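Chain and residue survey
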Amino acid sequence: MNIITVNASKTYDVKIGENLLDAAGTELRALTKAKKAAVVTDSNVAPLYLQRLEASLREAGFETCAFVFPAGEASKNAETYLKLLRFLAEHHLTRSDLVVALGGGVTGDMAGFAAATYLRGIGFAQIPTSLLAMVDSSVGGKTAIDLPEGKNLVGAFYQPMLVLCDISLLESLPQENFLDGCGEIVKYGVLGDENLLSTLQKDGLSFDREGVISRCVEMKRDIVNADEFESGQRQLLNLGHTLGHAVEAKSNFTLSHGCAVSVGLAVVTRAAVKAGICPQKDGTQILSALTALGLPTKTEQDIDALFSVMLSDKKRSGDSITCVIPEKIGSCIRKKMSISQLKEFMEAGM
Ligand SMILES: NC(=O)c1ccc[n+]([C@@H]2O[C@H](COP(=O)([O-])OP(=O)(O)OC[C@H]3O[C@@H](n4cnc5c(N)ncnc54)[C@H](O)[C@@H]3O)[C@@H](O)[C@H]2O)c1
Ligand SMILES: [Zn+2]
């Protein structure tokens, strides 16, 4: 097992290893005197792992209750969030009690936002079950729900007290969802770790789960420690996402997030090479890591359509967009560009 400590406004451990689910009760008991633990999970994950988690929590002296919602991004909305708050109230959870998110990023984001806001904040722990949640969403304290007007428009920064990544749970994760996490993993490799990128290139989908997830969490930890509230460096995590979000939205979400990010990453990499910002050999290596994992690097969408979507992105400030560009593997820069500059730049990478 690897333990990575995050030093944000709260200090907490991210533990990564096999068979951690059954130890959740003991792990949490060491951190909190909470009487009750409300588990939040979705309809796919509940039949697989909820019983085991509740048993472990009860064994450690927690009274448990479980809120199960229909799996999928469509549930990450105000309606489910409100139902969840009322569930916590009906079960009389107090400020010293605990919300445990068991699931992917949808579960973690929504449960985290409920924990941040119910009684102005109650105890919160994450047990991520998707690869994306393990390497990205469960660490760093961003919580959110979607509005009809856009994704993640309402949320809070709220750090958990513990993150338990049980890699054994990945065995049941559908391949498509696994690939989503892979898109983010390549992103981390490009941001700061040439070794990670060459491991992915060499091993493809059979990469060492514990080692690679731990490396990604360490990198996210470093970025969050430096800039918890996303005023600067944390924006680097948007690498591949500026165009990626547009590709995802333009496909009406039929292309998954990780695959869209992969396309975004590929386009910005080719653009950086063409503009002479990134050496050709680094660009080639980035693209070959994406391909080794079976991720897409091209889109059929045209640049005008993608830009019209991009213009409604909340990360835009005024008439410019900050774009994250690879300079070489292990180093990316943030560049503020006008819409027309960005379009010209990206078009070269399509
Ligand atoms: N907070 C952050 O910093 C942050 C970062 C990135 C993404 N996100 C958010 O994360 C969400 C995407 O996360 P996701 O891809 O995990 O989506 P998700 O939670 O919907 O999970 C994907 C699918 O996999 C299923 N699943 C999860 N774990 C499983 C397992 N072990 N076995 C079988 N099925 C399993 C889920 O039921 C779901 O159908 C988005 O809402 C995104 O906005 C948040
Ligand atoms: Zn992402």
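Attention in this report is confined to the structure presented alongside it. Sequence order sets the numbering: in each chain, residues are counted from 1 along the sequence as written. As a convention, the first chain written is A and the first ligand written is 1, with the rest following in written order. Per-residue local features of the predicted model are confined to residues with pLDDT of at least 70, and side-chain atom pairs are confined, for both listing and counting, to 80 or more; whole-chain, interface and lining totals are unaffected and use all residues. Excluding hydrogens and water, the side-chain figures rest on all heavy atoms present in the structure.

**Observations regarding the pattern of salt bridges**
Keep this limit in mind: Salt-bridge detection follows one rule: a side-chain nitrogen of Lys or Arg within 4 Å of a carboxyl oxygen of Asp or Glu. Helix and strand labels come from DSSP, where a helix needs a run of H or I of at least four residues and a strand needs a run of E of at least two; each type is numbered from the N terminus. Only protein chains enter the accessibility calculation, which uses a 1.4 Å probe; a residue whose area is less than 20% of its type maximum is buried, one above 50% is exposed, and one in between is partly exposed.
Summed over all chains, the structure comprises 17 salt bridges. Note that Asp-146 is salt-bridged to Lys-76, the shortest N-O span being 3.9 Å. Here the residue Asp-146 occupies a position in strand β7 (residues 142–147), and Lys-76 occupies one in the loop between β4 (63–69) and α3 (78–90), the gap between them amounting to 70 residues. Each member of the pair Asp-146 and Lys-76 is classed as buried. For the salt bridge of Asp-282 with Lys-281, the shortest nitrogen-to-oxygen distance reads 3.1 Å. Taking the relative accessible area as the measure of exposure, Lys-281 reaches 64% and is therefore exposed. Here the salt bridges do not stand alone but share partners, grouping Glu-73, Lys-76, Asp-109 and Asp-146 into one network.

**Side note on the pairing of strand β10 (residues 320–328)**
Each regular strand shows side chains that alternate between the opposite faces of the sheet. Selection criterion: A pair of strands is labelled paired if DSSP reports no fewer than 2 bridges between them.
In this sheet, strand β11 (residues 331–338) lies alongside β10 in antiparallel orientation, the contact comprising 8 bridges. When the sheet's bridge partners are listed, Thr-322 is paired in β11 with Lys-336. Connecting β10 to the next strand, β11, in antiparallel fashion are 2 residues, including Gly-330 with a positive phi near 100°.

**Some words on the nonpolar core**
The following threshold applies: Nonpolar cores were defined as sets of buried Ala, Val, Leu, Ile, Met, Phe, Trp, Tyr and Cys residues, with membership established by side-chain atoms within 4.5 Å. It only takes one pair of heavy atoms within 4.5 Å for two residues to be counted as in contact.
Counting residues in each nonpolar core, the largest one holds 71 residues, and the members touching the most others are Val-14, Leu-131 and Met-346. Considering each element in turn, this core owes the most residues, 10 residues, to helix α10 (residues 257–274). Excluding residues within four positions of it along the chain, Val-14 makes contact with Asn-2, Ile-3, Ile-4, Val-6, Val-139, Val-163, Cys-165 and Val-217. Membership of the second largest hydrophobic core comes to 25 residues, among which are Tyr-81, Ala-101, Ala-114 and Tyr-118.

**Here we look at the environment of Asp-22**
The test is simple: Under the rule applied, a polar contact is a pair of N or O atoms within 3.5 Å (in protein, one hydrogen donor and one hydrogen acceptor; residues adjacent in sequence only if both atoms are side-chain atoms).
Assignment of secondary structure puts Asp-22 in the loop between β2 (11–17) and α1 (24–29). As for Asp-22 and Lys-36, which are separated by 14 residues in sequence, their C-alpha atoms are 17 Å apart. In this view, Asp-22 contacts Arg-52 and Ser-56; residues no more than four positions away in its chain are not counted. Among the polar contacts listed, one links the side chain of Asp-22 to the side chain of Arg-52, at a separation of 3.0 Å.

**Observations regarding the coordination of the zinc ion (ligand 2)**
Where we set the bar: Metal donors were taken as nitrogen, oxygen and sulfur atoms no farther than 2.8 Å from the ion, or 3.2 Å where the ion is Na, K or Ca. Water is excluded, so coordination may look unfinished.
Protein coordination at the zinc ion (ligand 2) comes from Glu-184 (OE), His-241 (NE2) and His-257 (NE2), with a distance range of 2.0 to 2.1 Å. Binding-site remark: the zinc ion (ligand 2) is held by donors from one chain whose sequence spacing is E-x56-H-x15-H. Placement of Glu-184 in helix α6 (residues 175–192) and of His-257 in helix α10 is noted, with a sequence separation of 73 residues between them. Comparing Glu-184 with His-257 shows no difference in burial state: the two are buried.

**Some thoughts on empty space enclosed by the protein**
This is how it is decided: Note on definitions: the grid is 1 Å and covers protein atoms alone; a cavity is a set of points where a 1.4 Å probe fits but cannot get out; a pocket is an open set with protein on both sides within 12 Å along at least five of seven lines; lining residues have an atom within 4 Å of a point. Grid points are joined across faces, edges and corners, and a volume is the space filled by probe spheres set on the points.
For the structure on display, the rule yields 1 cavity of 30 Å³ or more. Here the largest cavity defines a volume of roughly 40 Å³. What lines the largest cavity is Gly-240, His-241, Thr-242, Leu-243, Gly-264, Val-268, Cys-323, Val-324 and Met-346. Those elements that place two or more of their residues in the lining of the largest cavity are α9 (241–250), α10 and β10.

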